[in-house]
Amino acid sequence: MDLEARSLQPNVKAVLLAKLREYKSDLNNLKSEHKRLASANSNQAARDDLLESGMADAMSVSANQRGRLMMSTERLNESSDRIKESRRTMLETEELGVSILQDLHQQRQSLLHANDMLHGVDDNISKSKKILTNMSRRMSRNKWIISSVIVVLVVAIALILYFKLSK
């Protein structure tokens, strides 16, 4: 999980590594608490055994030992439950992080695709503008040529009529 977090982008990596450190420290705290409780219980049990060896009544010693054993077992079970709950929370958080990263990746791909499409459309618009400008120039040139041809023909007809009628 640490390697996966380190291979991500810097802004996401920092958040995930901080959470990972927090979970590791929580786990280490729970482990140390468990060891402390286990050692305290074993030290207490050894001390009590030495003190109770002088007791004459074996039944009361047995009952005290049984009570301490049950209390120690209960504490150990509570610590185990807390560790399991912490682990479950950590796994849920990790799953949520993976899901968020997948969503962000899909959104990034969508944005990149839209950007590519936008550049393609922009190129097509530029080409269309050039084509329309060229068509407009040709149309204007063709109007001048046709107008010139008409004027020449009208002048030629007028000259022909003038020379025909003047003779």
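Calculation criteria
- Residues numbered from 1 in each chain as written.
- Predicted model: local features only at pLDDT ≥ 70, side-chain atom pairs only at ≥ 80, totals over all residues.
- Heavy atoms only, no water.
- Helix = DSSP H or I, 4+ residues; strand = E, 2+ residues; numbered from the N terminus.
- Buried < 20%, exposed > 50% of the residue type's maximum accessible area, 1.4 Å probe, protein only.
- Contact = heavy atoms within 4.5 Å.
- Areas by Shrake-Rupley, 256 points an atom, 1.4 Å probe, with all protein chains shown as cover.
- Patch = residues over 30% accessible without salt bridge, like charges linked within 9 Å, V, L, I, M, F, W, Y side chains within 5 Å.
- Salt bridge = Lys/Arg side-chain N within 4 Å of Asp/Glu carboxyl O.
- pLDDT = per-residue confidence, 0-100.
- Polar contact = N/O pair within 3.5 Å; in protein donor to acceptor, adjacent residues only side chain to side chain.

### Some points on the overall build of the protein chain
Working step 1: Regarding its fold elements, the protein chain presents three helices and zero strands.
Working step 2: Out of the 167 residues in the protein chain, the part that is buried amounts to 8%.
Working step 3: By sequence separation, contacts in the protein chain at least 24 residues apart represent 51% of the contacts at least 6 residues apart.
Working step 4: Of the roughly 14,100 Å² of accessible surface on the protein chain, 62% is carried by carbon and sulfur atoms.

### Here's the deal with a nonpolar patch on the surface
Working step 1: Together, Ile145, Val149, Leu153, Ile157, Leu161 and Leu165 make up an exposed nonpolar region whose accessible area comes to about 610 Å².
Working step 2: Secondary-structure assignment places isoleucine 145 in helix H3 (residues 58-166).

### Describing the side chain of serine 79
Working step 1: Within the fold, serine 79 resides in helix H3.
Working step 2: Leaving out residues up to four positions away in the same chain, serine 79 has contacts with His34 and Leu37.

### Some details on the pattern of salt bridges
Where charged atoms of side chains with opposite charge meet at close range, the side chains can pair.
Working step 1: Scanning the model with the defined rule gives three salt bridges in all.
Working step 2: Where salt bridges share partners, they join Glu85, Arg88 and Glu92 into one cluster.

### Considerations on the confidence of the model for the protein chain
Working step 1: Confidence along the protein chain averages 85 in pLDDT terms, with 84% of residues attaining 70 or more.
Working step 2: Across the protein chain, element-level confidence peaks in H3 with a mean pLDDT of 92 and bottoms out in helix H1 (residues 2-6) with 66.

### Brief notes about the environment of serine 166
Working step 1: With respect to the helices and strands, serine 166 occurs in helix H3.
Working step 2: Side-chain polar atoms of serine 166 contact the backbone oxygen of tyrosine 162, separated by 2.7 Å.
Working step 3: A polar contact of 3.3 Å, which involves the side chain of serine 166, links it to the backbone oxygen of phenylalanine 163.

### Here we look at the environment of leucine 27
Working step 1: As for its placement among the helices and strands, leucine 27 is situated in helix H2 (residues 10-52).
Working step 2: Residue leucine 27 is classed as partly exposed on the basis of its relative accessible area of 36%.
Working step 3: On a C-alpha basis, the gap between leucine 27 and isoleucine 83 in space is 7.2 Å, while along the polypeptide they are 56 residues apart.

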